[in-house]
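Summary of structural features
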Amino acid sequence: MPINYYIVLALCLFTIGVVGVLTRRNAIVVFMSVELMLNSVNLLLVAFSKMHHAAKAATMASAGADGQIFVFFVMAVAAAEVSVGLAIIVMLYRNIHTVDINFLNRLKH
Amino acid sequence: MIALLLILVPLLGGLATFFLKKESEVRTWSLFVAVLTFIVAILGVSVLNAPEYLSFKADWMGDLGSTFSIKADAMGMMLCMLTAISFPIIFIGTWKTAYEKPQNFFALMLLAQAGMMGVFLAMDALVFYFFWELALIPMYFLSSQWGGARRIPVMFKFFVYTFIGSLLMLVGLIYIWSKNGGSFDIDAFYNSKLSVKEQMWLFWLLFAAFAVKMPIFPFHTWQPDTYEQAPTAVTAVLSAIMVKMGVLGLLRWLLPVLPVGSYVMGDNPSFLAMIGIVYASIIAFRQDDMKRLVAFSSIAHVGLMCIAAFSESKSGMQGIMIQMFSHGINILGLWVIIEIIERKFGTRKMSELGGVAQKAPALAIAFFVIMFATVSLPITNAFIGEYLMLNGIFNSTVTSYGVIYAVVASTGVILSVVYMFSMARKVFLGNTNELTVKGTDIDFPEKAVLGIILVIILVMGVYPQPFLNMMEGVSDSLLKASDIQHLILKK
Amino acid sequence: MKLYLLFIVLLPFLGVLINGLLRNQLSKGLIGRIGSGVVIGSFILSILAFMEVRAGGSGVYKYFDFVNIGNLKIPFAFQIDQLSALFLLIVTGVGAVIHVYSTAYMHDENQDHFGRYFSYLNLFIFSMLMLVLADNLLVMYIGWEGVGICSYLLIGYWFKNTEFNKAASKAFIMNRIGDFAFLIAIFIIGGKIGSLSFSEIMTPAALAKLSYGEISAVALLLFFGATGKSAQIPLYTWLPDAMAGPTPVSALIHAATMVTAGVYMVARMNLMYSMVPEVLNVVAVVGLATALLAATIALKQNDIKKVLAYSTVSQLGFMFLALGSGAYIAAVFHVMTHAFFKALLFLGSGSVIHGLGGEQDIRKMGGLGKYMKTTDITFLIGCLAIAGFPLFSGFFSKDEILAAAWAHSPILWGIALFTALLTAIYMFRLYATTFKGRFRGTTEQESHLHESPKAITIPLIILAILSVIGGFVGIPAIMAEGAHGLQNFLSPVFAGSAPLLPAHEVSHSTEWILMGAATLVALIGIFYAWGKYAKNPDLEDARGFGKVLENKWYMDELYDTVVVTPYKKFGSFLKDVFDAKVVDGIVNGVGRLVKYGGRQMRWIQSGQIGSYVLLMVLSMLVIFVVQFFIRK
């Protein structure tokens, strides 16, 4: 399969994520959009890793592993982020009874 | 080694002070540290002819081309001596002034002392800058914690003002550093090859820091407010010692580093300082607060040092040396007296005082002698300094306006009498009022402290020659390094 | 000799230390004895020094390096020659007499003020001796300022009185204005010649290093310094106010010694002044103008000390007239005789004030001759001497000045003669209203009237004798050839300048006529005043022009409006408007600009996360576009 398909798919996912972050006001949806962007990057990383190291992979099992390991890092960090982020959102909801991010401009004052 | 001790003793002593609890312990300990520093300084002066004891080098930031290099030449040693004398005097003079959280107050004072010692000793531009800021920070906290009612905005202004000056200096230092092969060493700075144009604009960057610190008209407006709002002990440090940081910077880090720039631009600061002398003297006469009056008088005195520095003459240079010390001692005496008066009568307003001489004759005698020194009457230390400086300015071969500077600056001699004598009249002479009628004379420690100041004033005024001999070498070498004639010959 | 000079100077300083530091421990009698004793000691040593100088023992004695910075060496050295030896005698002699007088005059002061008084007085003698003995301009400047500060301390001796303190400050400030010029002259000499020692700069070779203009400038500046110290136009107004000090102080400082420092200095620098005749003319004209102005004011003053003060200003003017006419010896001669008779007059007035319990207004005196015989007679002697009555000391010295003025220019002589007439009038107006007629004070004062104690009258008698015989050291050549002892003694000091001055040969007959005219004028003045005031001593209130004179030509008011008030106003303007609004305004303005800028930029930081992200994405897009499509 040509690499272009992966790239277009990742681009679409990323764009959906960006638009989601920009337009939605619900914090949880924003959060999900962020995850979408991360995953689009993950997809690209895996795809490029496969493409660049296709030749070497026949002789060396670990060829291109760094790109894939990167993806694991991203997933691990994303998981950590989700746990902290969701906890924050829950706390927010308890305090101000909304998850609308437009109310969260207290730092300005 | 001694140079390092001069910094370390107050630094460690100051850090230790933070952990003391009882006020009496704090005061005794800090006085002990100050006296110890003074003893180290005496040792330093006694081995002035053996420079191997007076310099210290250690690795610091090798990658940046900076070593922790300190050395006490005669000028640095003299200023360290001034610092070392001042602190015991300040501590004893303010012995009875109450401070909240005294351990923090005295600790910060000692840290400031360490910083100032470092400035006077630094032989590396980065070390110099490091100590320059280090001395400022405790001063800021001291004033904004223990100062007068308007202390917060005033100290903010003071800090921002001096800090902007310092940053400009830092930019200048870094530029020179980049031009002389990445070394911050003072000798590399003295031999840096900068074009005339570079020297001209670098001059203003470096001068900015020193002009604010001294201060030179019109960069002086932070000073009267700061002196007024800071606790008097801090004011004494600011005016007796910190001001000298500016003068030292001028002499050690500006004139020899940028000789051509100083030669070309020198008339500008001289002209400003000349205006400042007359300007500050006139304003001083109209002040009611004693601290503000002394603050303005200090602007006038320091202005003269600035002109003398740019006159680049032997007489002027020796005059600055003796005047840096004298001005420190004299103004210290004035602050001690103002502190005592404020503590006794609860006010610094001259219009509310009067007739203090009847109630406190010993204080009055001390004040009058110090006043005579402030107006540079002969046989006081300040006369020698002012005479030599004015003589140097008048006969300067570097500037063509020397005569004008000297004549205008000499009017300061008249104007200083106008404001100082009116202060004496309003505070000490005349009849007592209901506020001063209950006054008492000073006690023994205060007498001793003021007595020391008077002795220094008179001894240096009558027999200044040993002091001048001590300073001769450093004056000559500074003059030689900043002499542009010598540069042309070298090329 | 070296030790003599050192002890002459140090003895009074010892007195300062003892009386100043131990004033609360010592008894008043002891303080007085120490204070006077050290000055008498100095006087005895001065006589010995004087004897040695007469035997040819002039010299310069160096004690230590005062200031030595390579290209300028200033030793701390004393110079003794004929001129300084004579001044030594005057200063310590008159000083000793006045110290003794003070022990009685100040006796009502309490202990520590008494000690303070004597330490100031000793400090003054110390400074004056430094001034007189100085070998160079800087040491002279030490003494020059030192006497100024002592004068300040002593004028303001009664420091509870604000007016007195103001007078003291005024005196010192005006002196300082003069000192400022003195200092600049020192810079010029130090810079051009590289030395400040009189023996090195007062030589034709050294002065040749200065251009004519520079010499003139130095001479004028030094003379301006002298106008401050010696109370000449334009800086004379402090001296009358200086009468706020105790009367012995007025006698010592403001009549006999300090105010003649200017004369001494010009005489010391005579070689330089003789090289610039224009400056000498200025000196003569200023001196004469001062003499005339002060004499007219003295005519209408009603305070006994103020009359004497203006008379001092006037006599100092005469001295400068002599200096300006090139008659240096006449000026020094007049310094000497003036020291005698003016000290006598002041001490006499002190005796009167003492007797009247502090009264100084001559309208409330009168008829005191009946009660105070000694004071009366000695005061009369003083008046005769100052008026120039034949064979009294003032006669000889004033005659010499008049002769010199005639030789210089008959116009100067004419005005000087008129001033001499005024002198005789105002002095005898003072004498007649004080000692003749009937007593015009309160009966209570009258009951207390008494002759002053011995410690007051004996100094009066000593000074009276000197006022009578003091002139005989300078008998003019027309009376007896070669009898002018002072001239013979002092001529080595002025030898250098003699050839530079234009020679004025005045024939003997002219000189006799001049002397006759001076005598006649003095007699007219004396008889006029006597006739007018002795019989009818009630002074009328001044009217018309007299009012102007009584108010001293409104000079103080003039200085006030021209200098003092504008200075204060300008100071307030700088303090409240320029410094606070303009200079500090700019500084604060920079701060405010930063704050304002921050406020304007604040809308970007809306706090909406969405807007931040949008901004971020847009910026990224811009960078992306720029990076890949625009930058090739």
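Residues numbered from 1 in each chain as written. Chains lettered and ligands numbered in written order. Predicted model: local features only at pLDDT ≥ 70, side-chain atom pairs only at ≥ 80, totals over all residues. Heavy atoms only, no water.

Description of the overall build of chain A
Helix and strand counts for chain A come out as three helices and zero strands. Traced from its N-terminal end to its C-terminal end, chain A shows the element sequence α-α-α. Dimensions of chain A, computed from the C-alpha atoms along their principal axes, are close to 60 × 25 × 20 Å. Residues classed as buried in chain A amount to 26% of the 109 residues present. Sequence separation of 24 or more characterises 63% of the internal contacts of chain A that already satisfy a separation of 6 or more. For chain A, the computed accessible surface area is about 7500 Å², with 73% contributed by carbon and sulfur atoms. Of the charged side chains in chain A, 7 are positive and 4 negative, and the gap between their average positions amounts to 6 Å. (Helix = DSSP H or I, 4+ residues; strand = E, 2+ residues; numbered from the N terminus. Buried < 20%, exposed > 50% of the residue type's maximum accessible area, 1.4 Å probe, protein only. Contact = heavy atoms within 4.5 Å. Areas by Shrake-Rupley, 256 points an atom, 1.4 Å probe, with all protein chains shown as cover. Lys, Arg positive; Asp, Glu negative; His and termini not counted. Charge placed at Lys NZ, Arg CZ, Asp CG, Glu CD.)

Here's the deal with a positive patch on the surface
All names here are of chain C. The grouping of Arg 592, Lys 595, Arg 599 and Arg 602 at the surface amounts to a positive patch. Residue placement: Arg 592 occurs in helix α25 (residues 555–601). On the accessibility criterion, Arg 592 (55% relative accessible area) is exposed. (Patch = residues over 30% accessible without salt bridge, like charges linked within 9 Å, V, L, I, M, F, W, Y side chains within 5 Å. Salt bridge = Lys/Arg side-chain N within 4 Å of Asp/Glu carboxyl O.)

Here we look at the arrangement of the chains
With two pairs of chains in contact, the largest contact count belongs to chains B and C. At no point do chain A and chain B touch; the closest pair of C-alpha atoms across them sits 22 Å apart.

Notes on helix α19 (residues 444–462) of chain B
Here α19(B) spans 26 Å end to end across 19 residues, near enough to the 27 Å set by a 1.5 Å rise per residue. B:Glu446, B:Val449, B:Leu450, B:Ile453, B:Leu454, B:Ile456, B:Ile457, B:Met460 and B:Gly461 are the residues of α19(B) that are buried. In a view along the axis of α19(B), the buried residues occupy a sector of 155°, so they form one face of it. Along its buried surface, α19(B) packs onto α3 (74–93), α14 (314–345), α16 (361–374), α17 (381–394) and α20 (465–482) of chain B together with β1 (59–68) of chain C. (Expected span 1.5 Å × (residues − 1). Arc of directions from axis to C-beta.)

So, the nonpolar core
Grouped together as the largest cluster of nonpolar side chains are 429 residues, with contacts concentrated most on B:Leu251, B:Tyr387, B:Phe428, C:Tyr152 and C:Tyr273. Among the elements that line this core, the one with the most residues is helix α16 (residues 328–355) of chain C, at 18 residues. Residues lining this core come from more than one domain, with at least three contributed by each of domain 1 (276–546) and domain 2 (561–630) of chain C. Apart from the residues lying within four places of it in its own chain, the contact partners of C:Tyr152 are B:Phe368, B:Met371, B:Phe421, B:Ala424, B:Leu429, C:Ala168, C:Ser169 and C:Phe172. A:Val21, A:Met37, A:Ile89 and A:Ile101 belong to the second-largest nonpolar core, a separate cluster that totals ten residues. (Core = buried A, V, L, I, M, F, W, Y, C linked by side-chain atoms within 4.5 Å. Domains from an automatic or database assignment.)

Examining the packing of helix α1 (residues 2–17) of chain B against helix α2 (residues 23–46) of chain B
Residues and elements named next belong to chain B. The contact between α1 and α2 brings their axes to 9 Å, and the two run at 180°. Viewed along their axes, α1 and α2 adopt a mutual orientation that is roughly antiparallel. Along its contact with α1, which presents Ile 2, Leu 5, Leu 6, Val 9, Pro 10, Gly 13, Ala 16 and Thr 17, the element α2 presents Val 26, Trp 29, Val 33, Leu 36, Thr 37, Val 40, Ala 41, Leu 43 and Gly 44. Residue composition of the contact of α1 with α2, grouped by class: 13 nonpolar, four polar and no charged. (Axes fitted to C-alpha atoms, helices over the stretch in contact; angles between N-to-C directions. Parallel < 35°, antiparallel > 145°, perpendicular 65-115°, else oblique. Nonpolar A, V, L, I, M, F, W, Y, C, P; charged D, E, K, R; others polar.)

What about the interface of chain C and chain B?
Between chain C and chain B, the residue contacts involve 48 residues of the former and 59 residues of the latter. Across the interface of chain C and chain B, roughly 4700 Å² is buried in total on both sides, 74% from carbon and sulfur atoms. There are one salt bridge connecting chain C and chain B. The salt bridge involving C:Asp584 is made with B:Lys157; its shortest N-O contact spans 2.6 Å. For the pair chain C and chain B, the interface holds 14 residue pairs in polar contact (both at pLDDT 80 or more). Those elements giving two or more residues to the side of chain C that touches chain B turn out to be β1, α5 (137–155), α6 (162–193) and α25 of chain C. With 15 residues, α6(C) is the largest single contributor of residues to the side of chain C that touches chain B. Looking at the side of chain C that touches chain B residue by residue, the class counts come to 29 nonpolar, nine polar and ten charged. (Buried area = accessible area lost by both parts, 1.4 Å probe. Polar contact = N/O pair within 3.5 Å; in protein donor to acceptor, adjacent residues only side chain to side chain.)

A word on the interface of chain C and chain A
Each partner contributes residues to the interface: chain C has eight residues there, and chain A has seven residues. Of the roughly 750 Å² buried where chain C meets chain A, counting both sides, 61% is carbon and sulfur surface. On the chain C side of the contact with chain A, C:Gly607, C:Gln608 and C:Ile609 bury the most area, a combined 41% of that side's loss. Counting every contact that joins chain C to chain A gives zero salt bridges. Along the contact surface separating chain C from chain A lie zero residue pairs in polar contact (both at pLDDT 80 or more). By residue class, the composition of the side of chain C that touches chain A is three nonpolar, five polar and no charged.

Some remarks on the packing of aromatic side chains
As enumerated under the stated definition, the model contains 76 aromatic pairs over all chains in all. One cation-aromatic arrangement involves C:Lys2 over C:Tyr63; the distance from NZ or CZ to the ring centre is 5.4 Å. (Phe/Tyr/Trp six-rings, centres within 6.5 Å; stacked < 30°, edge-to-face > 60°. Lys NZ or Arg CZ within 6 Å of the ring centre and 35° of its normal.)

Some thoughts on the packing of helix α18 (residues 393–408) of chain C against helix α19 (residues 410–435) of chain C
Residues and elements named next belong to chain C. Relative orientation of the contacting elements α18 and α19 amounts to 155°, with a least axis distance of 6 Å. On the basis of the axis angle, α18 is roughly antiparallel to α19. In this structure, α18 contributes Lys 398, Leu 402, Ala 405, Trp 406 and His 408 to the contact, and α19 contributes Pro 410, Leu 412, Trp 413, Ala 416, Leu 417, Ala 420 and Thr 423.

Re the environment of B:Ile320
Residue and element names in this part refer to chain B. Relative to the helices and strands, Ile 320 resides in helix α14. Note: C-alpha distance between Ile 320 and Gln 199 (121 residues apart in sequence) is 24 Å. Residues within four places of Ile 320 in sequence aside, it is in contact with Val 247, Leu 251, Met 305, Ala 308, Ala 309 and Met 389.

Considering the pattern of salt bridges
All names here are of chain B. As enumerated under the stated definition, the model contains 27 salt bridges over all chains in all. Here Lys 314 makes a salt bridge to Asp 476, at a shortest N to O gap of 3.6 Å. Of this pair, Lys 314 sits in helix α14 while Asp 476 is found in helix α20, placing the two residues 162 residues apart along the sequence. Bridged by salt links that share partners, the residues Lys 96, Glu 339, Arg 343, Asp 443 and Glu 446 form one connected network.

So, unusual backbone geometry
Following B:Phe217, the chain continues to B:Pro218 via a peptide bond in cis, the omega torsion being 0°. By the secondary structure assignment, B:Pro218 is in the loop between α8 (196–213) and α9 (222–229). Cis geometry marks the peptide bond from C:Ile233 to C:Pro234; its omega dihedral reads 5°. Within the fold, C:Pro234 resides in the loop between α9 (212–229) and α10 (238–241). Despite not being glycine, B:Ile379 shows a phi value in the positive range, around 60°. Relative to the elements of secondary structure, B:Ile379 occurs in the loop between α16 and α17. A relative accessible area of 28% places B:Ile379 in the partly exposed class.

Quick word on the pairing of β1(C)
All names here are of chain C. The sheet contact formed by β1 and strand β2 (residues 73–80) spans eight bridges and is antiparallel. The partner of Val 67 across the bridge, within β2, is Ile 74. Hairpin geometry of β1 and β2 is characterised by an intervening segment of four residues between the two adjacent antiparallel strands and by a positive phi of about 85° at Gly 70. (Pairing = 2+ DSSP bridges.)

Quick notes on the side chain of B:Gln199
Residue and element names in this part refer to chain B. Structurally, Gln 199 can be placed in helix α8. Within the local environment of Gln 199, its side chain forms a polar contact with the backbone nitrogen of Val 260, the two atoms lying 3.0 Å apart. If we skip the residues at most four places from it in the chain, Gln 199 touches Leu 194, Val 257, Leu 258, Pro 259, Val 260 and Gly 261.

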